[in-house]
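Examining the three-dimensional arrangement
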Amino acid sequence: MSQQQHQRPARSGSAVWAVVISSAAGFITALDNLIVTTALPSIREDLGGGLEDLEWTVSAYTLTFAVLLMFGASLGDRFGRRKLFAIGLGIFTTASAAAALAPGMGELIAARAAQGVGSAIVTPLTLTLLSAAVPAERRGAALGVWGAASGIAVATGPLIGGALTESLSWQWIFWVNVPLGLALIPLALLRLDESRGPNPTLDLVGTALASGGLFGIVYALVRGNTDGWTSTTVLGGFFAGSALLVGFVLYELRARHPMLPMRLFRSRSFSAINAASLLMLLGMFGSIFLLSQYLQTVGGYSPMQAGVRMLPWTAMPMIAGPLAGALSDRIGGAPVVTAGMTLNAIGLGLWAITVEPHVAYTHLLPALIVCGIGLGMFFAPSANLVMSTVRPQEQGIASGANNAIREVGGAIGVATLAAVFSAQGGYASATQFVDGLIPALWAGAGAVALAAAVALLMPRRRKADDPAAGLSTAAPAAI
């Protein structure tokens, strides 16, 4: 049966409701990527636990979100996008309440993982529901509103998290999702039209192999310093995770309806931009995880003050992004993306050179601004590059793959840079924290510099084939 047969004619006013509902849902799911960062010191003080628990508080969300992102889109295609959208919102909202009520770190981490499951269902369906409801001639404007909402969520996440933690408590970074989710569920069921995809298949085996493999790798990285890098648990995690990922690739090569078609990676450009994206997010997300704690633990700033001081980094893409998009139309996306990654590596290097136990914030500001400009030069052009490497009918799955790979990079980045940090430093004093932070920042700068080198492998194109499609995916992928 064709997609047109699956989908009913849009009702009057459904386009407006689709924009409102999808933008609001995209906002709350994107917000939870970074809102937790400025609350981490308060969570550690209240619930106890060490660096390993804080890592899982962040990575449990990004990892489940990454490995289930494309599976969530397939669920909507098979069982109905509106229905699964509402179910995903229900999971996300319930998990948010569970995180707010968590009595210990174990319960909080489990709730964060469940949040990631809900977000993996909701996020890809916001785009498909929006595209189905809005006429083609108005779709660009609708996607602009949706992208702006997600972009604002990413930019203001640390600030909102800091403000809620300081004025109320850290639990409110999760409670804030509950009324929004409860309002969106009935609105979605009443105001959105149901639709299904033309190829409603589920790759259960591929999803299980990818999930198990990535969990094994991240688990080994997290446990490395605690158990020893040559311990049975750590080596077993690396070995089992690597074996499962190899199994995933081999299975996807043979699968009739693969979750991630391996043929896409035959394109040098597609492989290069995705490898660069993984390394970029590895260095940047791992650094943000540590630097947001540095501003409070060492700098002595309150959660809200720390969130404000992160804005030159997280909010700069809102300014630099449109300029980078225009520049990429003139000279091609590859040079702009490479320059953005280079600036990020320089910014992290400036942090590593400048950071001290009692350094003034004004001395750190140039590094924040350089990182922010680099981040803005990366996201929109890189999304356009992904779109330009595949055929039009494959752009949806290519975008989903790129977003998932970025989230995987973030999860691995937190685990990797935290491992470097804990091997050299800790929380006992400001000096000890900085002793661990400096080598971690250099490791992050190295990863991003390697990303820039990988980006050089991309052929130079004048412009992407479908800029609008690429821009539509830029915001949710932003960390």
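Please read these numbers as outputs of a predicted model, since none were measured by experiment. (Residues numbered from 1 in each chain as written. Predicted model: local features only at pLDDT ≥ 70, side-chain atom pairs only at ≥ 80, totals over all residues. Heavy atoms only, no water.)

1. Re the overall build of the protein
When helices and strands are counted, the protein shows 20 helices and zero strands. Within the span of the protein, comprising 479 residues, buried residues form 58% of the whole. In the protein, 85% of the contacts between residues at least 6 apart in sequence involve partners at least 24 apart. Split by element, the accessible area of the protein, about 17800 Å² in all, is 66% carbon and sulfur. (Helix = DSSP H or I, 4+ residues; strand = E, 2+ residues; numbered from the N terminus. Buried < 20%, exposed > 50% of the residue type's maximum accessible area, 1.4 Å probe, protein only. Contact = heavy atoms within 4.5 Å. Areas by Shrake-Rupley, 256 points an atom, 1.4 Å probe, with all protein chains shown as cover.)

2. Topic: the environment of Pro381
One can find Pro381 in helix 16 (residues 361-388). Apart from the residues lying within four places of it in its own chain, the contact partners of Pro381 are Ala324, Ser328, Gly333, Val336, Val337 and Gly376.

3. Thoughts on the pattern of salt bridges
For the coordinates displayed, the defined rule picks out one salt bridge. Residues Asp32 and Arg112 are paired through a salt bridge, measuring 3.4 Å at the closest nitrogen-oxygen approach. Taken together, the residues span a long stretch of sequence, with Asp32 in helix 2 (residues 14-34) and Arg112 in helix 6 (residues 105-133) at a distance of 80 residues. Arg112 matches Asp32 in its accessibility class, with the two residues each being buried. (Salt bridge = Lys/Arg side-chain N within 4 Å of Asp/Glu carboxyl O.)

4. Re the side chain of Thr93
Positionally, Thr93 belongs in helix 5 (residues 81-100). For Thr93, a relative accessible area of 4% gives the class buried. There is a polar contact of 2.7 Å between the side chain of Thr93 and the backbone oxygen of Leu89. Apart from residues no more than four positions distant in its own chain, Thr93 is found in contact with Asn177, Val178, Gly181 and Leu182. (Polar contact = N/O pair within 3.5 Å; in protein donor to acceptor, adjacent residues only side chain to side chain.)

5. Here's the deal with the packing of helix 15 (residues 333-354) against helix 18 (residues 430-455)
The N-to-C vectors of helix 15 and helix 18 enclose an angle of 165°; their axes lie 8 Å apart at closest approach. The angle between helix 15 and helix 18 falls in the class roughly antiparallel. In this structure, helix 15 meets helix 18 at a crossing whose hand is left-handed. In this structure, helix 15 uses Thr338, Met341, Thr342, Asn344, Ala345, Leu348, Gly349, Trp351, Ala352 and Ile353 to contact helix 18, whose residues at the interface are Ile438, Leu441, Trp442, Gly444, Ala445, Val448, Ala449, Ala451, Ala452 and Ala455. Of the residues belonging to the contact of helix 15 with helix 18, the class tally is 15 nonpolar, five polar and no charged. (Axes fitted to C-alpha atoms, helices over the stretch in contact; angles between N-to-C directions. Parallel < 35°, antiparallel > 145°, perpendicular 65-115°, else oblique. Left-handed = near helix turned anticlockwise from the far one by under 90°. Nonpolar A, V, L, I, M, F, W, Y, C, P; charged D, E, K, R; others polar.)

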